[in-house]
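Okay, here's what each chain looks like letter by letter:
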Amino acid sequence: MDSDKILSLDCATILPRKSLKVKVKILKTLYVFLLTNSERSLYIKSMRTAEHSNKTTTCPYCGNASKRFGKHRNGLQRFRCIACLKTFTEAHARQFRVEDYLKEQRGIMAIQLLVEGCSIRTVERITGIRAATLVDLLLIAGERCERLMDSIRNVPVKDVQCDEIWAYVAKKERNKTAEEYSDENIGDCWTWTAIERHSKLVLAYSVGRRDIDHAFELMFKLRRATSDSRFQLTTDGLRAYVHAVHAMLADRVDFAQLIKYYSQPREGEQRYSPAQMVEAVPVAVIGDPDPKNICTSHVERQNLTMRMQIRRLTRLTNGFSKKIECHRAAIALHFAYYNWCRIHGTLRVTPAMESEITDHVWSLNELLNHA
Ligand SMILES: [Zn+2]
């Protein structure tokens, strides 16, 4: 078979042997067909729902009649009101928004991975949701969890422990430039925690500097979360606690500090090992604290849980927070999940159930979509 014959055969299968005019016409039809059924036009078609297909011409601002006024760049008809001259687009279905992910299995799965200590990039690779979208999703989930954490009220408590855990946003304090020096949104960022010893409920937390303002914030939140019965409070030796507890809780606590002294770390291990504690001295500050219960072990165990579950707190990685908002959101998400969803190893129920603020284990879906 010679090559001419093959060529003519091929042409015959694609286009019937017709005049050039007809061939051009067929190609044009094909082009129009491809154009009208492209992904974009299908998307626009899907935006027009059946119920809104009759184009409204009444102005949504004043109710007067409107005239057609060209098309939007997405293909939807636009109108302009004759009376008030405002323009508007024909009614169309709402687009997909980031928070809609929280109603989907994939979005819930993404949050589940985040609370189990995966990094944003890992979650992106597993779920296929883009990193930027995941950050937005985390911010929304964090805001809802923060509201839930702030709603804790009137919990009867016996023994509360407070501590702070270090982390940093964007860069460590010592790496800040002169311009960044007074910027509170970058640099070292501490999480202050108040936990009930028996129910393991995180009653209050505060995110920010290790200064007196945040000690006050934590004690204010602790007062708001607890009932007015008397309880014992233990903190570490930080001076700021003394002022804050005097101001906020003096009428209802027996307050003691456990002042710990550490040895100098040995060469080489200082980056990876905590310093060895030499001595812990309990000091009664307010009221009559029971010496047996002056202890910060439970809140320090909670610090470990945080380091295990929040990727941002894993040292010597680059999973650290780049923005303070994301850091706050991740911490709020962790505490809410810890209190309401995660079955505690010792209790066999969630801390929220143990302290009787709920009667069941919450699913992550319930946590993220409550009220
Ligand atoms: Zn109008």
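A. Just the packing of helix α5 (residues 120–127) against helix α6 (residues 131–150), in detail. Contact pair α5 / α6: the axes reach a minimum separation of 9 Å and the direction vectors enclose 110 degrees. Here α5 is positioned roughly perpendicular relative to α6, judged by the angle of their axes. Taken as a pair, α5 and α6 cross one another with a handedness that is right-handed. For the pair formed by α5 and α6, the contact residues are Ile120, Arg121, Val123 and Glu124 on the first element and Ala131, Leu134 and Val135 on the second. The residue inventory of the contact of α5 with α6, partitioned by class, reads 5 nonpolar, no polar and 2 charged.

B. Examining the pairing of strand β8 (residues 253–262) more closely. As defined by bridge partners, strand β7 (residues 231–236) adjoins β8 across 6 bridges and the pair is classed as parallel. Across the sheet, residue Thr234 finds its bridge partner in β8, namely Ala256. What joins β7 to β8 is helix α8 (residues 239–249), and the crossover it makes is right-handed. Where β8 meets strand β9 (residues 277–286), 8 bridges bridge the pair, whose relative direction is antiparallel. When the bridges of β9 are listed, Phe255 appears paired with Ile286.

C. Highlighting the confidence of the model for the protein chain. With 88% of its residues at a pLDDT of at least 70, the protein chain reaches an overall mean of 87. Long-range and interchain partners of residues 49–54, a stretch whose pLDDT sits below 50, account for 4 contacts in this model, where long-range means more than four residues apart.

D. Local environment of the pairing of strand β6 (residues 202–208). Of all 7 residues making up β6, 6 are buried, and the element is well covered by its neighbours. Here 6 bridges tie strand β5 (residues 187–196) to β6, and the two strands are oriented antiparallel to one another. Opposite Thr191, over in β6, you have Val207 as the bridge partner. In this structure, the hairpin formed by β5 and β6 is closed by a connection of 5 residues, where Lys200 is found at a positive phi of approximately 60 degrees.

Cut-offs applied
Residues numbered from 1 in each chain as written. Predicted model: local features only at pLDDT ≥ 70, side-chain atom pairs only at ≥ 80, totals over all residues. Axes fitted to C-alpha atoms, helices over the stretch in contact; angles between N-to-C directions. Helix = DSSP H or I, 4+ residues; strand = E, 2+ residues; numbered from the N terminus. Parallel < 35°, antiparallel > 145°, perpendicular 65-115°, else oblique. Left-handed = near helix turned anticlockwise from the far one by under 90°. Contact = placed C-beta atoms within 7 Å. Nonpolar A, V, L, I, M, F, W, Y, C, P; charged D, E, K, R; others polar. Pairing = 2+ DSSP bridges. Right-handed = clockwise from strand over helix to strand, strands pointing away. pLDDT = per-residue confidence, 0-100. Buried ≥ 20, exposed ≤ 12 C-beta atoms within 10 Å, placed from the backbone.

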